[in-house]
Amino acid sequence: DAGITQSPRHKVTETGTPVTLRCHQTENHRYMYWYRQDPGHGLRLIHYSYGVKDTDKGEVSDGYSVSRSKTEDFLLTLESATSSQTSVYFCAISEGGGAEAFFGQGTRLTVV
Amino acid sequence: KQEVTQIPAALSVPEGENLVLNCSFTDSAIYNLQWFRQDPGKGLTSLLLIQSSQREQTSGRLNASLDKSSGRSTLYIAASQPGDSATYLCAAPSSGNTPLVFGKGTRLSVIA
């Protein structure tokens, strides 16, 4: 299995609080991605990174920010969590250039 | 913009049957296409990656084909088993370094 670790695996938080999810890889892949998965919508891209300090927005980026200060770590921050951000969040990695993508086990976030 | 569709959303078959899962995409300048399996509450497991220059790719009882001209890919599962029950997702980028766009998946149930 590709070396991808997401933390925490489960989190319950209150509306309006900041939340940070972490994705850590041991594969030294250049590209890292954050997706959310919701019933009826499937997997949608939030943000992605194509190198240290290089990031770009995805389809559903509003309310989220990301940072990548090291190759191995990609952080997703919900600045002020809302109930609509209750979801399962997946991190993925890839070498790019059409290479295979690998996914983490996901983080289940509930905003109450 | 790449759009990926999977029909049907759910499929139930008796054990031992050979079956085909369908995936269609809108951008025929596809770079590659990847098939994943997702078990309930789990992350995505990569099954097969087909490059645009390939027509098909095989792994064990799985065979994936790619027809760029028709905008279709199929995942063939031979001699299905109850352990094959899962959701199968296909995904494709528009170009080599763009993130994957996912279909909503086909939930497969193999009945013993």
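What comes next is a walk through the structure. (Residues numbered from 1 in each chain as written. Chains lettered and ligands numbered in written order. Predicted model: local features only at pLDDT ≥ 70, side-chain atom pairs only at ≥ 80, totals over all residues. Heavy atoms only, no water.)

### Regarding the sheet that holds strand β8 (residues 72–77) of chain B
Two orientations exist for strands paired in a sheet by backbone hydrogen bonds: parallel and antiparallel. Residues and elements named next belong to chain B. Spatial strand order, β1-β3-β8-β7-β6: five strands in an open sheet with antiparallel pairing. Both outer strands of the open sheet, β1 (4–5) and β6 (56–59), are each paired with one neighbouring strand and no more. Here β1 pairs with strand β3 (residues 19–25) via two bridges, running antiparallel. Bridge pairing in β3 links Val 4 to Phe 25. (Pairing = 2+ DSSP bridges. Helix = DSSP H or I, 4+ residues; strand = E, 2+ residues; numbered from the N terminus.)

### Comments concerning the environment of Leu76(A)
Residues and elements named next belong to chain A. Relative to the assigned elements, Leu 76 resides in strand β8 (residues 73–78). Taking the C-alpha atoms as reference, Leu 76 lies 18 Å from His 29; in sequence the two are 47 residues apart. If sequence neighbours within four positions are ignored, Leu 76 has contacts with Val 19, Thr 20, Leu 21, Trp 34, Ile 46, Tyr 64, Ser 65, Val 66 and Tyr 89. (Contact = heavy atoms within 4.5 Å.)

### Here's the deal with the layout of surface pockets
Counted as a void, the largest pocket has a volume near 720 Å³. Forming the boundary of the largest pocket are 33 residues, of which Gln37(A), Asp38(A), Pro39(A), Gln38(B) and Gly41(B) lie nearest the centre. For the lining of the largest pocket, the elements supplying multiple residues, two or more each, are β4 (31–38), β9 (87–94) and β11 (107–111) of chain A together with β9 (86–92) and β11 (106–111) of chain B. Residue contributions to the lining of the largest pocket peak at four residues, all from β11(A). Per-class residue counts for the lining of the largest pocket are 10 nonpolar, 16 polar and seven charged. Quantified by volume, the second largest pocket comes out at close to 500 Å³. Around the second largest pocket, the lining comprises 20 residues; the ones closest to its centre are Glu59(A), Lys1(B), Gln2(B), Val101(B) and Phe102(B). Those elements giving two or more residues to the lining of the second largest pocket turn out to be β5 (42–51) of chain A together with β1 and β10 (101–102) of chain B. Per element, the largest residue contribution to the lining of the second largest pocket is three residues, and it comes from β5(A). Looking at the lining of the second largest pocket residue by residue, the class counts come to eight nonpolar, seven polar and five charged. (1 Å grid on protein atoms, 1.4 Å probe; cavity = no way out; pocket = protein on both sides within 12 Å on 5 of 7 lines; lining within 4 Å. Points joined across faces, edges and corners; volume = space filled by probe spheres on them. Nonpolar A, V, L, I, M, F, W, Y, C, P; charged D, E, K, R; others polar.)

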